[in-house]
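# Secondary and tertiary structure notes
This is what each chain is made of:
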Amino acid sequence: MLKLHYNLEKVSMGLVAAIIVAASIGGIVEIAPLFTIDETVDVPDDLRPHTPLELAGREIYIREGCYACHSQMVRSLADELDRYGPYSLASESAYDHPMLWGSKRTGPDLARLGGKYSDDWHVQHLIDPRSVVPASIMPAYPWMTRSLDTKLLGDSLATLARVGVPYNAPMISEAAADAQAQSRPDSDGADGVLERYGNNVAVRAFDGDPSRLTEMDALVAYLQSLGTLTEAPYEILAEGDQ
Amino acid sequence: MTSTLSISERQIGLLLSVLLILLGLTMAAAARHGVMAAHGFMALALGLGLVFILGSAIYDPEPPKARMTRYYDAPTRFGIMMTLVWAMIGMGFGVWVAALLYWPEATPAVPWTSFGRLRPVHTTGIIFGFGGNALIATSFHVLQRTSRARLADSISPWFVLLGYNLFCLWAVTGYLMGSTQSKEYAEAEWYADLWLVVVWVTYFTLYIRTLARRNEPHIYVANWYYMAFILVVAMLHIVNNLALPVRWTAAESFPVWSGVQDAMVQWWYGHNAVAFLLTAGFLGMLYYFLPVRSGRPIWSYRLSIVSFWGITFFYIWVGSHHLHYTALPYWAQTLGMTFSVMLLVPSWASAGNAIATLNGAWHKVRDDATLRFMFVAAVFYGLSTFEGSFLAIRPVNSLSHYTDWTVGHVHSGTLGWVAMIVFGAIYTLVPQLSGREAMASPRAIEWHFWLAVTGTLIYVVAMWNAGITQGLMWRAYDENGALSYSFVESVEAMAPYYLLRTIGGALFLTGAVICAWNCRATMRAAMGEAADRPLAPQPAE
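On a predicted model such as this, the values are computed, not experimentally measured, just so you know. (Residues numbered from 1 in each chain as written. Chains lettered and ligands numbered in written order. Predicted model: local features only at pLDDT ≥ 70, side-chain atom pairs only at ≥ 80, totals over all residues. Heavy atoms only, no water.)

The helix and strand tally for chain B stands at 18 helices and 2 strands. In terms of overall size, chain B behaves like a compact globule, its C-alpha atoms giving a radius of gyration of 23 Å where 541 residues would be expected to give roughly 24 Å. Considering only C-alpha atoms, chain B reaches an extent of 85 × 65 × 45 Å along its principal axes. When each of the 541 residues of chain B is scored for burial, the buried share is 65%. Put simply, of all contacts in chain B between residues at least 6 apart along the chain, 83% involve residues at least 24 apart. When the accessible surface of chain B is split by element, carbon and sulfur atoms take 70% of a total near 19,000 Å². (Helix = DSSP H or I, 4+ residues; strand = E, 2+ residues; numbered from the N terminus. Rg over C-alpha atoms; globule rule 2.2 N^0.38 Å. Buried < 20%, exposed > 50% of the residue type's maximum accessible area, 1.4 Å probe, protein only. Contact = heavy atoms within 4.5 Å. Areas by Shrake-Rupley, 256 points an atom, 1.4 Å probe, with all protein chains shown as cover.)

All names here are of chain B. Between helix H8 (residues 259-294) and helix H11 (residues 344-357), whose axes approach to 10 Å, the crossing angle comes to 10 degrees. Comparing their axes, H11 and H8 come out roughly parallel. Contacts from Leu283, Leu286, Tyr287, Leu290 and Ser294 of H8 reach H11 at Ser350, Asn353, Ala354 and Thr357. Its residues placed into classes, the contact of H8 with H11 shows 5 nonpolar, 4 polar and no charged. (Axes fitted to C-alpha atoms, helices over the stretch in contact; angles between N-to-C directions. Parallel < 35°, antiparallel > 145°, perpendicular 65-115°, else oblique. Nonpolar A, V, L, I, M, F, W, Y, C, P; charged D, E, K, R; others polar.)

In this complex, chain B contributes 92 residues to the contact, which on the side of chain A involves 84 residues. A buried area of about 7,700 Å², summed over both sides, lies between chain B and chain A, and 68% of it is on carbon and sulfur atoms. Counting the surface chain B buries against chain A, the share from its top three residues, B:Phe254, B:Tyr402 and B:Phe487, is 11%. Here chain B is connected to chain A by 4 salt bridges. With a closest N to O distance of 2.4 Å, B:Arg247 and A:Asp155 form a salt bridge. Taken together, chain B and chain A are joined by 30 residue pairs in polar contact (both at pLDDT 80 or more). Sort the elements by how many residues they give to the side of chain B that touches chain A and H8(B) lands first, with 10 residues. (Buried area = accessible area lost by both parts, 1.4 Å probe. Salt bridge = Lys/Arg side-chain N within 4 Å of Asp/Glu carboxyl O. Polar contact = N/O pair within 3.5 Å; in protein donor to acceptor, adjacent residues only side chain to side chain.)

A separate point is the packing of helix H4 (residues 115-147) of chain B against H8(B). All names here are of chain B. Contact geometry for H4 and H8: axes closest at 10 Å, N-to-C directions at 40 degrees. On the basis of the axis angle, H4 is oblique to H8. H4 and H8 meet at a crossing whose hand is left-handed. Side by side, H4 and H8 meet where Ile127, Phe128, Gly131, Gly132, Ala134, Leu135, Thr138, His141, Val142, Arg145 and Thr146 of the first sit next to Tyr269, Leu277, Leu278, Gly281, Phe282, Met285, Tyr288 and Phe289 of the second. Here the residues of the contact of H4 with H8 are counted per class, giving 12 nonpolar, 6 polar and 1 charged. (Left-handed = near helix turned anticlockwise from the far one by under 90°.)

Next up on the list: the pattern of salt bridges. On inspection of all chains with the given rule, the structure shows 28 salt bridges over all chains. Across the salt bridge formed by A:Arg75 and A:Glu80, the nearest N and O atoms sit 2.9 Å from each other. Across the pair, exposure class does not vary: A:Arg75 and A:Glu80 are buried alike. Among the salt bridges present, the one from B:Glu9 reaches B:Arg67, with a minimum N-O distance of 3.2 Å. In this pair, B:Glu9 sits in helix H1 (residues 7-31) while B:Arg67 sits in the loop between helix H2 (35-56) and helix H3 (74-102), placing the two residues 58 residues apart along the sequence. Across this residue pair, the class does not change: B:Glu9 and B:Arg67 are buried. Shared partners join several salt bridges into a network, and the residues in it are A:Arg63, A:Glu64, A:Arg146, A:Glu215 and B:Arg117.

What follows concerns the domain arrangement of chain B. Residue and element names in this part refer to chain B. Its domain assignment divides chain B into domain 1 (1-60) and domain 2 (73-524). Here the C-alpha centroids of domain 1 and domain 2 sit 30 Å apart. Each side of the interface is counted separately: domain 1 has 20 residues, and domain 2 has 19 residues. Summing both partners gives a buried area of about 1,600 Å² for domain 1 against domain 2, and 82% of it is carried by carbon and sulfur. It is Val35, Met36 and His39 that lose the most area in domain 1 upon contact with domain 2, and together they represent 32% of the buried surface on that side. Our count for the contact surface shared by domain 1 and domain 2 stands at 0 salt bridges. Where domain 1 packs against domain 2, one counts 3 residue pairs in polar contact (both at pLDDT 80 or more). Ranked by the residues each element gives to the side of domain 1 that touches domain 2, the list is headed by H1, at 9 residues. Grouping the constituent residues of the side of domain 1 that touches domain 2 by class yields 16 nonpolar, 3 polar and 1 charged. (Domains from an automatic or database assignment.)

Let's shift gears to the confidence of the model for chain B. On average, chain B scores 95 in pLDDT, and the residues at 70 or more come to 99%. For this predicted complex, the interface confidence score (ipTM) comes to 0.95, while the overall pTM stands at 0.96. (pLDDT = per-residue confidence, 0-100.)

Take A:Glu64: it is sitting in the loop between helix H3 (52-63) and helix H4 (78-83). In this structure the side chain of A:Glu64 is engaged in a polar contact, spanning 2.9 Å, whose partner is the side chain of A:Arg63. Beyond its immediate chain neighbours, meaning those up to four positions away, A:Glu64 contacts A:Tyr141, A:Trp143, A:Met144, B:Ser114, B:Gly116 and B:Arg117.

Glancing now at the nonpolar core. Among the nonpolar cores identified, the biggest contains 188 residues, and B:Phe282, B:Met285, B:Trp417 and B:Phe423 are the most heavily contacted of them. Top contributing element to this core by residue count: H8(B), with 21 residues. Setting aside its immediate chain neighbours within four residues, B:Met285 contacts B:Ala134, B:Leu135, B:Thr138, B:Tyr226, B:Leu290, B:Ile421, B:Val422 and B:Ala425. Of all hydrophobic cores here, the second largest spans 47 residues; its members include A:Cys66, A:Leu153, A:Leu219 and A:Tyr222. (Core = buried A, V, L, I, M, F, W, Y, C linked by side-chain atoms within 4.5 Å.)

Laid out in structure tokens, this is it:
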């Protein structure tokens, strides 16, 4: 062995090839099988992709680095089930490019956040966290009240469709209009949002003001959608209890 | 820079600078506004600056012919300067974000001073800015000395260094403007990622071409590590960053991976950025500078071989230990845990080899703060690899994951191991490259050493306490079977540790500032160049 290495270390491209082989095996063994995951993990029938408004909120969540302090992955541990809710399934994030499972909980996990608090609470909490949670160390986000830029939304949906998220042609062409309509329950387009994304999509003025479409609308819509895109985790947990 | 280049090399440099200007113009014109346009202007400004520097010196006299019989150290000197600049930026932002966790309203609530945007500036600034520049700069030095040959050409080292720093600049300014891929330690946007690939290919080519000119039959072990660093980082970077831009004229993109695949790819990348950037590269540094400084040969050649291939083969498996109890398939978690534990063997073989090398030179460790930096680095390397294997064990991970224990572990590696070995290497290199016996202020090295050690210990111990407290509070039940603590109670319990961590970080930063000042003073008082020479004269160009 030593003799072999004695000779190998005289040949630079030999070392290069050996390093590439040695460093490839582990990755191939662990990653490649995950691409056959469709055969082992079912994507639930009721799983819906994010609406354009929620997707815009998700981009804000990413832009502000929320994932650095909040995970979205409930582990299968008793205390996490008691604190947050059903453990997260692989299929729940099947449409998430990128996933936002996170790695640190400076703040709590958000995978089951949707519906836990009112829209008003979220708006107040984002503008001034310490006004509702005095001991919070979360940054304040007063600039969320600015208008939402919807110019890229159509192209965003089209790009996601190309990497496998089930957005169809009308969803893509109506993306910017749907984002407006989801925050205006009385508008003509509101029915179109429900028609395209399903009846359990929340259509309301998330920031309390239907006249303006703001980043706050998008972010709150996204936060309220967390954990509500499919019923599967709740059903699996209920089956287990029986 | 210009005085070390021949007239034809200056002309090539000028041409490349013009191409950079065109690239910047194209980006700015295509994007019109937003982050990508701002980044186009940055490339444009860099290109204009280079045109000015090269253009004003284009007809200066040729450098002496004898330069080909010497090592090319100007890029190393520039790389060390950038290392120190990024050290202050990265550590400065680190102290800032640490303080924000204790005083959340310490800085005004405007977008670019928000914790979530500052935090990746800290991580990228340290890992890529500080660590990456240190690796590139020292690799040029080590490669030449161990090959006893001059760098293969004089243009590509500058292309690598300037291009790499442009990448770092694009990355951190992008975060501040709200542009990020959100993939941890790979947040830079798609065009920055593509640019880094170009830089990296140049780097690898330069490395191989210089090795091909070596006047030593064997490739020294430090180079194996530097090569593993270059090759595997390229592989990780490309696979993890595969993404489709929303438009060719916008910074936004979506990764091709989603959900559980994305999580596995991300942590395969994330942990191996630790392995092949923060470990392999710096082991290369250790394997060269520790023997040089202590005047002792590496204790065991066989152990070097075993630990090198052990690290290269085992590390790549362990990323999945970041995903215990998650929706990642159980078998993949188990593989990650198993290999993490096995990884302790080659890791401790390296640490042990380094410490055993110091046998017979312990009096130097006592008297020489520079060597002491390297010794402490080897000790912290041993400690944090043990801790890493321990934290990867599933039940331990159930407590530690998501807590500040992980943060403490990372900093025991980055402050205790990575930064210490970098400072040891810098204090060895800077006097040598300045033609001097010693640094301008040897006392300042002592001050730096003790500030660094104290800062690291305060930081790491505070985070251990923080993490274990958090983990225990989250899982505590009262006698009625209900959770004992609300989440926010665990946040309140962190306050003293977050304050201590800020103090520890500030001490470490102070040491780095002293180091930068000392290096500047030494370089300003330079008495010449490095005295050593390549073995055989190179043929004239």
